[in-house]
Amino acid sequence: MKNCFTLLLALCFVVSVSQAQERYTEEVYTDAQVKVTSDVQFATNATIFPLLFDPNVSEFVPEDLFMDVYEPDPSVDTLTDRPMVLVVHGGDALPRIINNACYGDKTDSVTVTTARKLARMGYVAVAPNYRLGWNPLATNGDDFLDGLVDASVRIQQDLRAAARYLRKDIAEDGNTFGIDTDRFTIWGTASSAGTYSGFTAYINEVEELQTPTFFVTDEDGNVRLTFDEDQAGNIEGTVVGMLPNGDTTNYINTPGYSSALQIAALGSGIALDPGVVDPDEPAMIMFGNPNSPVTQFPEGPIQLPTTGQVVAFAQLSQGLIKEAVEVGVNDAWIATDFTDAISVAVAADTNFGAVEGWLPLYGDPDNEYPWVHWDTVNCSASATTFDVLPAMDTEYAISQIDTMAAYFGVRACVTFGLNCPSLNTTSIRDNLLADNVVTMAPNPTNGSLLLSTNRGQRMETVDIFNINGQLVQHHEVGSATFEKANMGLASGFYSVVVRLREGVSVKKLVITE
């Protein structure tokens with residue numbers, strides 16, 4: 001197993017259930033075996049972006065929308081019924097740099113890294129662009145909320161159009177990319193992508209946009225809904241939207257096909273209201289940084305960036321994933337005894353273990369998305385404010401994406417009924433030894449370490465993993481004790497995995513200066 005779970009201060013279980021690489025849960029192809037088809041046009045729709053930022057434009061204008069498709073090359077993969085993952089880029093519905101960051105397009109580093117990872121695991125990953133544009137610097141709370149909802153509606157219309165396009169291709173155009181029409185996932189990478197993806201997966205009835213949260217007061221003092229189906233088109237995007245002045249806001253793309261999804265994997269997604277998840281909707285995975293205040297509370301305020309005024313109280317990622325579990329969309333996963341190292345480690349965590357589908361990914365407290373990264377060569381510090389993502393580290397971020405993909409993979413096996421033999425093996429929980437079988441001292445330590453077994457059992461190996469899930473030391477032992485005067489480790493937190501014939505013992509180790 002290449003990557004171990006990056007769970008700070010939690011056990012890191014490193015027990016392989018199978019030596020063979022397994023499709024859908026692990027990488028089975030190399031990056032060279034991934035075929036990328038760029039700029040596949042899937043829709044044309046009306047964008048507001050020039051209208052907002054160009055004084056010479058007075059109406060919505062048509063914009064062609066494109067997707068990049070990542071798949072195992074047909075020369076090495078003959079399957080034609082592969083699960084599809086729609087990988088949605090972030091960026092707060094604004095272009096790169098304008099949004100004060102180096103992401104906001106289907107070619108973002110985090111989007112490409114995620115898509116390539118999934119393709120190497122045997123999935124077809126599709127990265128679409130969508131219509132951008134709204135004014136996050138509005139000084140009026142109602143104007144801000146109005147623009148936020150409008151942008152969300154347009155984006156989810158485009159994402160649904162992408163799903164319908166793929167299903168039309170499967171049914172009418174020879175299934176160009178070898179996709180199974182009944183195995184669709186949406187994956188929101190970060191920075192609003194989780195929210196837009198959640199909107200796409202769970203806002204399926206107009207009544208869900210007609211609660212008090214969605215009412216605003218316009219400049220004339222009239223109270224109205226932020227979502228007007230006549231003006232914006234319907235949620236699905238299969239009805240024309242038109243403003244009172246005759247300006248078209250939504251075009252119909254690929255009607256007659258379903259945009260249904262079976263799994264939603266959300267990077268710290270939120271919802272403006274609770275109660276959006278229904279029992280018959282997609283299973284949910286929520287990725288989040290437990291050190292971030294946004295993850296620590298079930299709800300919190302949405303504030304104007306300009307004044308700090310509270311616009312609404314939103315259901316944050318913790319509240320959303322708990323709602324998903326409560327209504328039962330993750331029941332099939334709850335009923336499964338997952339044996340992979342990541343799932344077992346999460347299940348052992350006192351804060352996250354009781355909420356199936358909630359994957360903690362630790363990082364800087366001010367960085368809500370520690371898996372996001374970008375190429376600083378092509379996006380210089382002078383072009384963006386890098387303190388948007390404090391302590392951004394590309395190597396660490398990629399290791400987080402590996403963890404996310406592995407956690408998703410075993411759950412996709414269950415939801416999609418995939419052939420994943422590792423799910424049928426004996427639970428590795430049965431191989432974990434009692435805590436007193438192996439003792440460790442001193443802990444914390446400034447470098448020395450002594451491990452011993454309680455009854456003279458022979459230790460076979462000792463492995464040391466850092467919090468990035470990287471194997472930093474491997475020791476062949478062959479005795480009942482293991483002792484080193486200086487481990488040569490930098491200060492920090494580590495997981496010590498001791499293998500015996502009888503099973504495995506996992507210890508937490510703290511190295512001090």
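See above for the structure.
Since the structure is predicted, the reported quantities are computational estimates derived from the model, not experimental observations.

The rules behind each value
Residues numbered from 1 in each chain as written. Predicted model: local features only at pLDDT ≥ 70, side-chain atom pairs only at ≥ 80, totals over all residues. Heavy atoms only, no water. Salt bridge = Lys/Arg side-chain N within 4 Å of Asp/Glu carboxyl O. Helix = DSSP H or I, 4+ residues; strand = E, 2+ residues; numbered from the N terminus. Pairing = 2+ DSSP bridges. Axes fitted to C-alpha atoms, helices over the stretch in contact; angles between N-to-C directions. Contact = heavy atoms within 4.5 Å. Disulfide = S-S within 2.5 Å. Buried < 20%, exposed > 50% of the residue type's maximum accessible area, 1.4 Å probe, protein only. Lys, Arg positive; Asp, Glu negative; His and termini not counted.

### Focus: the pattern of salt bridges
Evaluated as defined, the whole model comprises 21 salt bridges. K117 serves as the salt-bridge partner of E27, at 2.9 Å between the closest nitrogen and oxygen. In this pair, E27 is assigned in the segment before β1 (34–47) and K117 in helix α2 (residues 109–120), connecting sequence segments 90 residues apart. Residue E356 is joined to R411 by a salt bridge in which the shortest nitrogen-to-oxygen separation is 2.6 Å. Of this pair, E356 sits in the loop between α9 (341–347) and β14 (358–360) while R411 sits in helix α10 (residues 394–416), and the two are 55 residues apart along the sequence.

### So, the sheet that holds β14
Ordered by their spatial adjacency, 8 strands build an open sheet running β1-β2-β4-β3-β5-β10-β11-β14, and the pairing between neighbours is mixed. A single partner strand is all that each edge strand has here, and the edge strands are β1 and β14. Strand after strand, the sheet turns through a mean of 20° between neighbouring axes, direction not considered. Pairing of strand β3 (residues 82–88) with strand β5 (residues 179–188) involves 6 bridges; the strand directions are parallel. Pairing of L86 across the sheet is with I186, part of β5. Sheet strands touched by helix α3 (residues 141–172): β1, β2 (61–72), β3, β4 (124–128) and β5. Its angle to β5, the strand with the most contacts, is close to 160°. Docked against the sheet, helix α7 (residues 317–327) engages β10 (263–267), β11 (283–288) and β14, running at close to 155° with respect to β11.

### With respect to the state of the cysteines
Across all of its chains, the model carries 1 disulfide by this definition. In this model C413 forms its disulfide with C420; the gap between the sulfur atoms is 1.9 Å. Negative torsions about the S-S bond denote left-handed disulfides, and the value of about -70° found for C413 with C420 makes this one left-handed. Of the two residues examined, C413 and C420, each falls in the buried class.

### Observations regarding the side chain of R167
Locating R167 in the fold gives a position in helix α3. Buried within the structure, R167 lacks any salt-bridge partner; its nearest side chain of opposite charge belongs to D182, at an N-O separation of 5.6 Å.

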